[in-house]
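Listed here are the chains, written in short residue letters.
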Amino acid sequence: WREAGCFVMPMSHEGFRSNLDIKDVSEQIQACIDEDQNIERELDELLGRRSALEKEIDRVMYPAEAHSLQQNIEGLTKKIADTSITAFSLSSKVRKLDVAQARLKETIDHIEKIVNLKTTIEKVNVLIEKKSYGEAAEMTFQVLHKEETKLINDASFEVILGLEKKLVDLVSDDCGKACVKAAVAAKKRAAQKPEESKLQELGVSTSDEKKEMSPEFARVFDLCKILPKLDQQSQGLSKYCIAARTMLVVGSKKLTLPKNLNPSKFPDKLSEMLDAIAFCIQTHNPILTKFFGPGSVLRLIQELLEECDNKIHELVSRFIEANKIAKISKTVDGFRRNQKKSHGGSNTGKSASQYNPKMLDGLLEQAAYILREIQIFDYNIRQLGERAREKLSETPSQQKLLKAMRANHRLKDSLPRTTKVNQLQHQLTSYYITIEEYFMSKDVKTAISLDDDSDEAQTSSMVDDVFYIVKKCSERAFSTCDINSACAIVNLLNDLLFTMYKDQLNSRVEGCWENIGNLSTLIFNQDQKAQNKAEDALIQDFNNLQVSAKHILTLKSYLEEHAKEVFRHIPTAVKMALSCLEALNDSSESFMRIVHKNLNKFVDMEVEKVNGPQALGSLLERFSQQSYELRESEYTTQHANDVYVPKLIHALSKQHQALESRLTDANLDLVLHALANHVVKRIESCVLRKRFTFWGGLKLDKDIRKISSFFNGVCTKPIRGKFLRVMQIASLLQVDKVGEILDYWTSDSQVWRLSPREVKQILSLRLEFSREEIAKLKL
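Residues numbered from 1 in each chain as written. Predicted model: local features only at pLDDT ≥ 70, side-chain atom pairs only at ≥ 80, totals over all residues. Heavy atoms only, no water.

Bringing the overall build of the protein into the picture now. Secondary structure summary: the protein contains 29 helices and 0 strands in total. In the protein, which comprises 779 residues, the proportion classed as buried is 43%. Nonlocal contacts in the protein, meaning residues at least 24 apart in sequence, comprise 78% of its contacts between residues at least 6 apart. (Helix = DSSP H or I, 4+ residues; strand = E, 2+ residues; numbered from the N terminus. Buried < 20%, exposed > 50% of the residue type's maximum accessible area, 1.4 Å probe, protein only. Contact = heavy atoms within 4.5 Å.)

Structure below.
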């Protein structure tokens, strides 16, 4: 088995016998024999090829040649080793040569820089002698601040540093002298020439207008532009801005305040000053951005705001003094206080009456204009300063400038929180509010005293006059762009309308009622003309109240839109204004409460008039005389020949026509609603005292619907709701059986205005229904 190449595990006789039989064993033995024969043939073939190969080797290589080849190989190996050693030595020398060459290159570059530095020093010295500071600064800037590698330890570098410092001193010194020279020249030109261009006044040169610029102005700003190249960006910016401020003040007449300025010209002069300052910032901003970087205009804003603080403070102070605003404010404030103490007595505050309202109106317009201009300018310049400060924080170079501003300027990197102009502005605002309150109160009183109650007009003249005054004053307060002024005047006008004006209207209504007298007087009064005149006056007062309530809401809506426009950039101010204006709703409602109260009283009076059997009051009284205990034949007859309801509707129509031209549309609608309510109550009161049949209930329903139809035709607002209760009463009186009411009661088609007790009470009015059946109803 081993020779046949097969290895088997030993197996027990029992296993062998159980798995193989003789035939299988014979086949396995024959297979092994065949395999052994194949292996022997392969071995014989390999052995035969060996002898052939040995013969071929012996034929190709002889022993002598093999020995020579071996020697050659050894010699070649030795040469390769020697060559490798030589190459390593050569590589080491090459590396040393590269290092030497690099050092030589550095030395040459160093020498070239030294030569260039010395050449630069010579050129800079020459340029300094020629006073070509701009070119010299450019050269020092290239060497000291622009090149990546600097010869810091070289003596020439110290020399160039010294030259830069020298240039800084020379440029700074020349800049100061040039600024003084330019100021003197500008002052002379201002005295000689009445008018100059804006750019000449500001001292700014551009390529298009270079010929128009004075050389003094151009020299100052050119020197300032050199300093950033000498690593003096902050100093250059400061000198530039101070020079710009000086040129604006000295070279421009717009910031000069004449001694004998007409008091009426102060607002125009203020606008002129603020325009000049704004134009100066607008003109210098691109130049500052180009040479000193984004946000550098903040430094100019600081300078000009300081100058503005001085000039505008002087102007506003002179305005207050020239117009004696402080004295006027004190006088009218004393008048107001004395008036409150004396409850409107006529012997107090006589000195305040010396002020002409027309004069005060013009003065208030000027004060409001000045306050608005200051407020808008202050807001805009602070917004511009804030944006400039944000730009200064964006890049490292500008952050360096910002740090220098914080260290060297008294305002650091911000604008003053409160200026002298702001303080004076608050003072002028206080004067304005006091005088505006007096002006508004006085004009309203004048409008009331000059009231024209023409018979042809639905309202008297004082209504439009009063609201023209309060709208003008409130609009002027909002135009100051100061939320405190706006809210103060709105509160004052609301208090004025709610107290003095409303009390005046209410007292007039009460006076009219006294003139008309009580009901018994009217019944026996034969002077119909006087009675009609008294009623016309009363109706006009009703109209005054209603139109005033409407005007208050109109004024509120107008001021809300005005506030959103004026304070659109300040959401908190808009919110304050809207909150303040909400109080006008209460005032309007208080006017309407008086209207409702008196119109109901007026309707009662009109209904109760007894002017013949066809009068409204008489017809309503006759309703109680109508019989509704009808049979079918009687119902048919009365339906065809009914005269009562048409007469009642005719009387109502006549009353409507009498009031239509005298009342406003809103008041007419209120009167008709009140009249309908009165008619409904009178009908319901009469119904509860009558007895009905089915046909009587049907007739009542038709009568009510005719009256309701009339009111629906003449009223602008829906009036069906007032008749709903009596219509439900009429529907109850038309049921065939008592139990039928349950179908209506449980239906969701309508909301019942009657209680279960009232339903049973109405059903008890039917002659056909027994009390026992009604009592059994479960509602």
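What follows picks up the thread again.
We now examine the side chain of Asn598. One can find Asn598 in helix α20 (residues 583-608). By relative accessible area, Asn598 is classed as buried at 8%. A distance of 2.7 Å separates a polar atom in the side chain of Asn598 from the backbone oxygen of Ile594. Those residues in contact with Asn598, other than ones at most four positions away along the chain, are Val509, Trp513 and Phe542. (Polar contact = N/O pair within 3.5 Å; in protein donor to acceptor, adjacent residues only side chain to side chain.)

Summarising the element assignment, Thr746 is placed in the loop between α27 (741-745) and α28 (756-763). Thr746 gets classed as exposed once you look at its relative accessible area, which sits at 59%. Spatially, the C-alpha atom of Thr746 lies 8.6 Å from that of Leu779, the residues being 33 residues apart in sequence. One polar contact links the side chain of Thr746 to the main-chain carbonyl oxygen of Leu742, over a distance of 2.8 Å.

Moving on to the side chain of Lys556. You can see Lys556 is positioned in helix α18 (residues 528-566). Classification of Lys556 by relative accessible area gives buried; the value is 9%. Not counting residues up to four positions away in its chain, the partners in contact with Lys556 are Leu581, Glu582, Leu584 and Asn585.

Even without a glycine there, the phi angle at Lys131 is positive, about 65°. Along the chain, Lys131 falls in the loop between α3 (63-130) and α4 (133-146). Judged by its relative accessible area of 53%, Lys131 falls in the exposed class.

Between helix α22 (residues 632-641) and helix α25 (residues 694-714), the shortest axis-to-axis distance is 9 Å and the interhelical angle comes to 20°. One finds that α22 runs roughly parallel with respect to α25. Between α22, through Glu632, Tyr635, Gln638 and His639, and α25, the contact on the second element is made entirely by Trp695, Leu698, Lys699 and Lys702. Partitioning the contact of α22 with α25 into residue classes produces 3 nonpolar, 2 polar and 3 charged. (Axes fitted to C-alpha atoms, helices over the stretch in contact; angles between N-to-C directions. Parallel < 35°, antiparallel > 145°, perpendicular 65-115°, else oblique. Nonpolar A, V, L, I, M, F, W, Y, C, P; charged D, E, K, R; others polar.)

What follows concerns helix α16 (residues 483-516). Helix length check: α16 (34 residues) gives 48 Å between terminal C-alpha atoms against 50 Å at 1.5 Å per residue, within 8%. The largest bend in α16 amounts to roughly 35° and is located at Lys502. Just past α16, the residue Gly517 takes up positive phi, approximately 85°. (Expected span 1.5 Å × (residues − 1). Bend = angle between axes of the 7 residues up to and from the residue.)

Below, the discussion takes up the environment of Cys481. Relative to the helices and strands, Cys481 is located in the loop between α15 (461-479) and α16. Here Cys481 falls in the buried class, since its relative accessible area comes to 16%. When the C-alpha positions of Cys481 and Arg372 are compared, they lie 5.4 Å apart, and in sequence the two are 109 residues distant.

This part takes up empty space enclosed by the protein. One pass over the structure, following the stated rule, counts 5 cavities of 30 Å³ or more. Forming the walls of the largest cavity are Leu274, Leu305, Cys308, Asp309, Ile312, Ile374, Phe377, Asp378, Thr419, Val421 and Asn422. The set of elements that each furnish at least two residues to the lining of the largest cavity consists of α10 (297-322), α12 (357-392) and α14 (420-449). Looking at the lining of the largest cavity residue by residue, the class counts come to 7 nonpolar, 2 polar and 2 charged. (1 Å grid on protein atoms, 1.4 Å probe; cavity = no way out; pocket = protein on both sides within 12 Å on 5 of 7 lines; lining within 4 Å. Points joined across faces, edges and corners; volume = space filled by probe spheres on them.)

In the predicted model, the protein carries a mean pLDDT of 81, and 85% of its residues have values of at least 70. With pLDDT under 50 throughout, residues 203-212 is counted as low confidence; its partners more than four residues away or in other chains account for 17 contacts. Predicted confidence for residues 344-350 stays below pLDDT 50, and this span has 6 contacts to residues more than four positions away or in other chains. (pLDDT = per-residue confidence, 0-100.)

What follows deals with the packing of aromatic side chains. One pass over the structure, following the stated rule, counts 15 aromatic pairs. Seen in terms of ring centroids, Phe542 and Phe602 are 5.8 Å apart; in terms of plane orientation they differ by 80°. Their pairing is edge-to-face. Remark: Phe602 occurs in helix α20 and Phe542 occurs in helix α18; sequence separation between them is 60 residues. Each member of the pair, Phe542 together with Phe602, is buried. (Phe/Tyr/Trp six-rings, centres within 6.5 Å; stacked < 30°, edge-to-face > 60°.)

This model, assessed by the stated rule, comprises 29 salt bridges. A salt bridge links Lys556 to Glu582; the shortest N-O distance between them is 3.6 Å. With Lys556 in helix α18 and Glu582 in the loop between α19 (571-581) and α20, the pair connects residues that are 26 residues apart, well separated along the chain. Members of the salt-bridge network, linked through shared partners, are Arg245, Arg299, Glu303, Glu306 and Glu307. (Salt bridge = Lys/Arg side-chain N within 4 Å of Asp/Glu carboxyl O.)

On to α10. Its 26 residues give α10 an end-to-end C-alpha distance of 36 Å, which sits within 8% of 38 Å, the value for a rise of 1.5 Å per residue. Where α10 terminates, the next one or two residues include Lys324, which has phi positive at roughly 55°.

We now examine a nonpolar patch on the surface. A cluster of nonpolar side chains, namely Ile39, Leu43 and Leu46, defines an oily patch on the protein surface of about 290 Å² accessible area. Looking at the element boundaries, Leu46 is found in helix α2 (residues 22-60). The class of Leu46 is exposed, set by a relative accessible area of 53%. (Patch = residues over 30% accessible without salt bridge, like charges linked within 9 Å, V, L, I, M, F, W, Y side chains within 5 Å. Areas by Shrake-Rupley, 256 points an atom, 1.4 Å probe, with all protein chains shown as cover.)

Here helix α8 (residues 233-251) crosses helix α9 (residues 266-292) at 155°, and the two axes come no closer than 11 Å. When the axes of α8 and α9 are compared, the pair comes out roughly antiparallel. Judged by the twist between their axes, the crossing of α8 over α9 is right-handed. Contact with α8, carried on its side by Gln233, Gly236, Leu237, Tyr240, Cys241, Ala244 and Leu248, involves Ala276, Ile277, Cys280, His284, Ile287, Leu288 and Phe292 of α9 and no other residues of that element. Among the residues making up the contact of α8 with α9, the classes are represented as 11 nonpolar, 3 polar and no charged. (Left-handed = near helix turned anticlockwise from the far one by under 90°.)

Another point: a negative patch on the surface. A surface patch of like charges, here negative, comprises Asp34, Glu35, Glu40, Glu42, Asp44 and Glu45. Tracing the chain through its elements places Glu45 in helix α2. Taking relative accessible area as the criterion, Glu45 reaches 56% and is therefore assigned exposed. (Lys, Arg positive; Asp, Glu negative; His and termini not counted. Charge placed at Lys NZ, Arg CZ, Asp CG, Glu CD.)

Turning our attention to the environment of Pro357. Following the sequence through the fold, Pro357 ends up in helix α12. The class for Pro357 is partly exposed, based on a relative accessible area of 26%. Note: C-alpha distance between Pro357 and Met440 (83 residues apart in sequence) is 9.4 Å. Setting aside residues up to four positions removed in sequence, Pro357 forms contacts with Phe439, Lys442 and Asp443.

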